[in-house]
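Chains, contacts and geometry: an overview
Each chain, written out:
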Amino acid sequence: MRLQNKRAIVTGGTRGIGKAIVYELAKEGCSVVFTYFSSDETARKIEQELNSDSVKIFGFKADASSFNSAQETVNYTLEKLGGVDILVNNAGLTKDNLLLRMSEADFDQVVNANLKSVFNYTKAILKPMIAQRSGKIINISSVVGIIGNPGQANYVASKAGVIGMTKSNAKELASRNINVNAVAPGFIETDMTNKLNDQQKEAIVANIPIKRLGKPEDVAKAVLFLSSNDSDYITGQVLTVDGGMVM
Ligand code: NAP
């Protein structure tokens, strides 16, 4: 197992990509505290499915936009798991609209959930990671943070910001033996992209060299690599997982 006895926090772990990441890390021997925003029932179900003799899995209700909630998540994790080796900043949402119609509230909500959350959790985790002189931080960005997308000014700004923060934090933390990388998924089949109709999906697939949408597991495997010692000499990078769409 590639992550035996490791301990992780994964934000937004009850659905889609975050859920696949929790399952992938647990399969490799990593204990996980995952956060969620809405469904207590789903969180309890995931705990029941994954808890075993070798890994401990806990769901923790926390709004990723709130620094206090991030601090509470870290305190809870230290209490339950005794430390944190891996942080995956995955929680995110969309509130799409053309710029002319986008409200200030929708801009703020998306930037707070997608970008400020990365600041919140990274800052909250730093002291324990610096004290143990090791850590892996993986931030989930998006290919649209690299190439832009009409109707997503708020989302794209947040995801481009995540890439910038990843590079800055990587430079700041490398001397502490903490690696910080981003994963930029393309179009992945989750609740977030289920909002697209069949025609929109066909148009997207036409522009993907590997002619399919991605699966949450495709992203989870990239996160596993960046969480493991196999990526010890990699920091400040953006790994696109998009079937070759952006190159
Ligand atoms: P999803 O299916 O909509 O799931 C989003 C997850 O984030 C849920 O677990 C949700 O929790 C959680 N979340 C949202 N806002 C939160 C908040 N304020 N505090 C705590 N948790 C919050 O989305 P997904 O497609 O798996 O996306 C996961 C990440 O990948 C996001 O950062 C997204 O931007 C990124 N991404 C996705 C795609 C794609 O094609 N799907 C492409 C590029 C990047 P609840 O269920 O409890 O609300």
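Check the entry above for the structure.
Residues numbered from 1 in each chain as written. Predicted model: local features only at pLDDT ≥ 70, side-chain atom pairs only at ≥ 80, totals over all residues. Heavy atoms only, no water.

What to know about the overall build of the protein chain
Along the backbone of the protein chain there are 8 helices and 7 strands. Taken over C-alpha atoms, the radius of gyration comes to 17 Å for the protein chain, in line with the 18 Å a tight globule of 247 residues would show. Principal-axis analysis of the C-alpha atoms places the extent of the protein chain at approximately 45 × 35 × 35 Å. Sorting the 247 residues of the protein chain into buried and exposed places 50% on the buried side. A total accessible area of about 11900 Å² is found for the protein chain, and carbon and sulfur atoms account for 51% of it. The average position of the 28 basic charges and that of the 25 acidic charges among the side chains of the protein chain differ by 4 Å. (Helix = DSSP H or I, 4+ residues; strand = E, 2+ residues; numbered from the N terminus. Rg over C-alpha atoms; globule rule 2.2 N^0.38 Å. Buried < 20%, exposed > 50% of the residue type's maximum accessible area, 1.4 Å probe, protein only. Areas by Shrake-Rupley, 256 points an atom, 1.4 Å probe, with all protein chains shown as cover. Lys, Arg positive; Asp, Glu negative; His and termini not counted. Charge placed at Lys NZ, Arg CZ, Asp CG, Glu CD.)

With respect to the pairing of strand E4 (residues 86-89)
Burial along E4 is two-sided: the residues Ile-86 and Val-88 and Leu-87 and Asn-89 are all buried. For strand E1 (residues 7-10) and E4, the ladder comprises 3 bridges, and the chain directions are parallel. Residue pairing in the sheet places Val-10 in a bridge with Val-88 of E4. By the bridge criterion, 4 bridges tie E4 to strand E5 (residues 135-140) in an arrangement that is parallel. Its bridge partner being in E5, Val-88 is matched across the sheet by Ile-138. Crossover handedness for the path E4 to helix H4 (residues 104-132) to E5: right-handed. (Pairing = 2+ DSSP bridges. Right-handed = clockwise from strand over helix to strand, strands pointing away.)

Looking at the site of the ligand
Near the ligand you find 30 residues, and of these Phe-37, Ser-38, Asn-90, Tyr-155 and Thr-190 are the closest. One of the side-chain N or O atoms of Asp-63 is found 2.9 Å from a nitrogen atom in the ligand. In the complex, 95% of the free accessible area of the ligand, which totals 900 Å², lies under the protein chains. Those elements that place two or more of their residues in the shell around the ligand are helix H1 (16-27) and helix H6 (153-173). Split by residue class, the shell around the ligand holds 13 nonpolar, 13 polar and 4 charged. (Near = heavy atom within 4 Å. Polar contact = N/O pair within 3.5 Å; in protein donor to acceptor, adjacent residues only side chain to side chain. Nonpolar A, V, L, I, M, F, W, Y, C, P; charged D, E, K, R; others polar.)

Here's the deal with the packing of aromatic side chains
What characterises a pair of aromatic rings is the spacing of the ring centres plus the angle enclosed by the ring planes. Using the criterion set out here, one finds 3 aromatic pairs in the structure. Aromatic ring contacts, followed pair by pair, group Phe-58, Phe-60 and Tyr-76 into a single cluster. (Phe/Tyr/Trp six-rings, centres within 6.5 Å; stacked < 30°, edge-to-face > 60°.)

Things to note about the side chain of Asn-114
If you trace the backbone, Asn-114 turns up in helix H4. Here Asn-114 falls in the buried class, since its relative accessible area comes to 1%. In this structure the side chain of Asn-114 is engaged in a polar contact, spanning 3.2 Å, whose partner is the side chain of Ser-158. Once you skip the residues sitting within four places of it in the chain, Asn-114 turns out to touch Ala-91, Gly-92, Leu-93, Tyr-155, Ser-158, Lys-159 and Val-162. (Contact = heavy atoms within 4.5 Å.)

Some remarks on the pattern of salt bridges
The final tally for this structure, using the stated rule, is 9 salt bridges. Note that Asp-232 is salt-bridged to Lys-136, the shortest N-O span being 2.8 Å. A residue pair is termed long-range when its members are at least 10 positions apart, and Asp-232 in the loop between helix H8 (216-227) and strand E7 (238-241) and Lys-136 in strand E5 qualify at 96 residues. For Arg-212, the salt bridge goes to Asp-218, with nearest N and O atoms at 3.0 Å. On the basis of relative accessible area, Asp-218 is assigned to the partly exposed category, the value being 27%. What emerges from the salt-bridge pattern is a single network uniting Glu-24, Lys-27 and Lys-221. (Salt bridge = Lys/Arg side-chain N within 4 Å of Asp/Glu carboxyl O.)

Here's the deal with the nonpolar core
Ranked by internal contacts, the top residues of the largest apolar core, which has 31 residues, are Ile-21, Leu-25, Val-32, Phe-34 and Val-183. Taken together, the elements giving at least two residues each to this core come down to E1, H1, strand E2 (31-36), helix H2 (40-50), E4, E5 and H8. Formed by 22 residues, the second largest nonpolar core is a distinct cluster that contains Ala-91, Tyr-121, Ala-124 and Ile-178. (Core = buried A, V, L, I, M, F, W, Y, C linked by side-chain atoms within 4.5 Å.)

Some details on H8
Helix length check: H8 (12 residues) gives 16 Å between terminal C-alpha atoms against 16 Å at 1.5 Å per residue, within 8%. Within the sequence span of H8, burial applies to Pro-216, Val-219, Ala-220, Ala-222, Val-223, Leu-224, Leu-226 and Ser-227. The secondary structure elements touched by the buried residues of H8 are H1, E4, E5, strand E6 (178-185) and E7. (Expected span 1.5 Å × (residues − 1).)

Considering helix H3 (residues 67-81)
Between the first and last C-alpha of H3 there are 21 Å, a value that for 15 residues agrees with the 21 Å anticipated at 1.5 Å per step. If you follow the buried residues of H3, they end up packed against E1, E2, strand E3 (57-61) and H4. The N-terminus of H3 is capped by Ser-66, whose side-chain oxygen sits 3.4 Å from the backbone nitrogen of Asn-68. Positive backbone phi, approximately 80 degrees, marks Gly-82, located one or two places after H3.

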